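Structural overview
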2 protein chains.
Amino acid sequence: MDENIVPDVVISRLPWYLQTLKQIADEGMQTVSSSLLAEKLGSTATQIRRDLSNFGGFGKQGRGYTIDNLIEELENILNMDRIWPMIIVGAGDLGRALARYQGFQNQGLKVAMLFDNAPDVVGTLVGKLRVKHVDSMREEVKSNRIKIAIITVPANSAQEIADLLVEAGIQAILNYAPVTLVVQSSVRVQHIDPTLHLQRMLYYLDEY
Amino acid sequence: MDENIVPDVVISRLPWYLQTLKQIADEGMQTVSSSLLAEKLGSTATQIRRDLSNFGGFGKQGRGYTIDNLIEELENILNMDRIWPMIIVGAGDLGRALARYQGFQNQGLKVAMLFDNAPDVVGTLVGKLRVKHVDSMREEVKSNRIKIAIITVPANSAQEIADLLVEAGIQAILNYAPVTLVVQSSVRVQHIDPTLHLQRMLYYLDEY
DNA sequence: TAGATTGTTAATCGATTAACAATC
DNA sequence: TAGATTGTTAATCGATTAACAATC
């Protein structure tokens, strides 16, 4: 009973499927075949079917998938049956933009608190959130059992913040600081760095 | 003469290596072994050596790699020997944050222009850039031979903007809109979507 | 020279794709 | 029923890892 582990590559594609399914639903469709979905995603029908089959048979032969049903199944798989409170650490341009971001709505996610350490920033209002001091962060994370943190502090303090967060019980980190964070393997880290994404594409650019 | 194609997985790791090498250089070190670098990256020595060997032998047996030299080699491979001008489309919270972002400095990248279509935004100043109207975008991209665009417009207009950009000659798109863009295969797209990254981690979270 | 570490080959592992019987 | 499309098995493809001779 331990070879039922679903590969992380598969997991990483589920939110992507979900996003496009919701879009198709908005367009008023009721069902999709794996091949239609593949077309919208720039993926392949076989891969989608194989990915989904890790979790059960959600489709019907000859008919495809009921969109609303598949959306619900994916949301359950991804633990989106509740709203996960998140904290943002760093109330700079990016941290504030993320605090105001509307895109987390209906995605099982919600920014609950925003922290910084600059005296002139702490106490100011960002959207509906008042910036709290980092000194209170450990306690807030613990007592509210918060599991997810978004780091938008400068590169040189990101690791320190990450250590503090992990110690306080954070299990998932979305890191916007341009450094590779080192954490214990039970903690998930996703690194978003525009520079890295752009440089990766630079390689393929024609000279002019 | 066509089986010298380096896999994209390898290319995607080079900016990551570069980032950490620069960091190590800042700490005053002169050389690194693949195993030390691997440790800093949470990668493996073998993978680093194999990745680099796609481009030549940059190290010396028994000694490792000269950091400055390896940085230079990677920068050349990634076409970072010049500064690539980029445009940002969408001057919302995120677009403005990116326009002011200092992290593109010394990375071969520079935000050259910022576009929007809202009358009350066009003409305003963001950092040192004045927001231009989207109507002039096609012409600006063409005449300045700009190859890279960052899209931060709402989901429902992202595909339309992408089509326009590709037609104007853009070859690389960093997409922050929460939709999968469909473009011809000669154009590179990287999708940055905090929701997708977060949901991917949700799967692994403990219940409480 | 002896020790360390590279670059590379061969072995392993894992992920994608093709194909098709099952079935709506 | 006939046609369409799933879920799954087996084949292929590609990427990672192990191991070691070459060499600084």
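In case you missed it, the structure is sitting above this.
Residues numbered from 1 in each chain as written. Chains lettered and ligands numbered in written order. Predicted model: local features only at pLDDT ≥ 70, side-chain atom pairs only at ≥ 80, totals over all residues. Heavy atoms only, no water.

Section: the protein's contact with DNA strand D
Short version of the rule: When at least one non-hydrogen atom of a residue lies within 4 Å of a molecule or strand, that residue is treated as near it. Between N or O atoms, a polar contact is any pair within 3.5 Å; within protein, one atom must be a potential hydrogen donor and the other a potential acceptor, and residues adjacent in sequence are included only when both atoms are from side chains. Only runs of H or I of at least four residues qualify as helices and only runs of E of at least two qualify as strands under DSSP, and these elements are numbered from the N terminus.
The local shell around DNA strand D holds 25 residues, among which Ser34(A), Arg49(A), Phe58(A), Gly59(A) and Tyr65(A) are the closest. Put simply, 51% of the atoms of DNA strand D that lie within 4 Å of the protein are in sugar or phosphate. With respect to DNA strand D, the backbone of Gly59(A) contributes an N or O atom lying 2.7 Å from a phosphate oxygen. One of the side-chain nitrogen or oxygen atoms of Tyr65(A) is found 2.6 Å away from a phosphate oxygen of DNA strand D. Contributing elements (two or more residues each) for the surface near DNA strand D: helix H3 (45-53), strand S2 (59-60) and strand S3 (64-66) of chain A together with helix H1 (8-26) and helix H3 (45-53) of chain B. The element contributing the most residues to the surface near DNA strand D is H3(B), with 4 residues.

With respect to the sheet that holds strand S5 (residues 109-116) of chain A
Within a beta sheet, neighbouring strands are joined by backbone hydrogen bonds and run either parallel or antiparallel to one another. Residues and elements named next belong to chain A. As a reminder of what qualifies: Strands were regarded as paired on the criterion that DSSP finds at least two bridges between them. Throughout, a contact is declared for two residues whenever any of their heavy atoms are within 4.5 Å. Only the stretch in contact is used when fitting a helix axis, every axis being a line fitted to C-alpha atoms; angles between N-to-C directions are given from 0 to 180 degrees.
With respect to topology, 6 strands assemble into an open sheet ordered S8-S5-S4-S9-S10-S11, the strand pairing being parallel. The strands lining the two open edges of the sheet, one partner per strand, are strand S8 (132-133) and strand S11 (188-191). Pairing geometry for strand S9 (residues 148-151) and strand S10 (residues 172-175), over 4 bridges, is parallel. If you follow Ala149 over to S10, its bridge partner there is Ile173. Contacting strand S4 (84-89), S5 and S9, helix H5 (residues 93-100) runs over the sheet at an angle of about 150° to S5.

Describing the side chain of His197(A)
Inspection of the secondary structure puts His197(A) in helix H8 (residues 194-202). Here His197(A) is in contact with Leu174(B), Gln190(B) and Ile192(B), once residues within four sequence places are set aside.

Some words on the pattern of salt bridges
Residues and elements named next belong to chain B. Cut-off, in case you're wondering: Note on definitions: salt bridges are taken to be side-chain nitrogens of Lys or Arg within 4 Å of carboxyl oxygens of Asp or Glu. Think of it in three bands: with a 1.4 Å probe and only protein chains considered, a residue is buried below 20% of the maximum accessible area for its type, exposed above 50%, and partly exposed in between.
With the rule as written, the count across this model stands at 18 salt bridges over all chains. Between Arg13 and Asp51 there is a salt bridge whose closest N-O contact spans 2.7 Å. Separated by 38 residues along the polypeptide, Arg13 in helix H1 and Asp51 in helix H3 bring together distant segments of the chain. The same class applies to Arg13 as to Asp51, namely buried. Residues Glu75 and Lys22 are paired through a salt bridge, measuring 3.4 Å at the closest nitrogen-oxygen approach. In this pair, Glu75 is assigned in helix H4 (residues 67-77) and Lys22 in helix H1, connecting sequence segments 53 residues apart.

Keep in mind that these numbers describe shape and distance, not what the molecule does.
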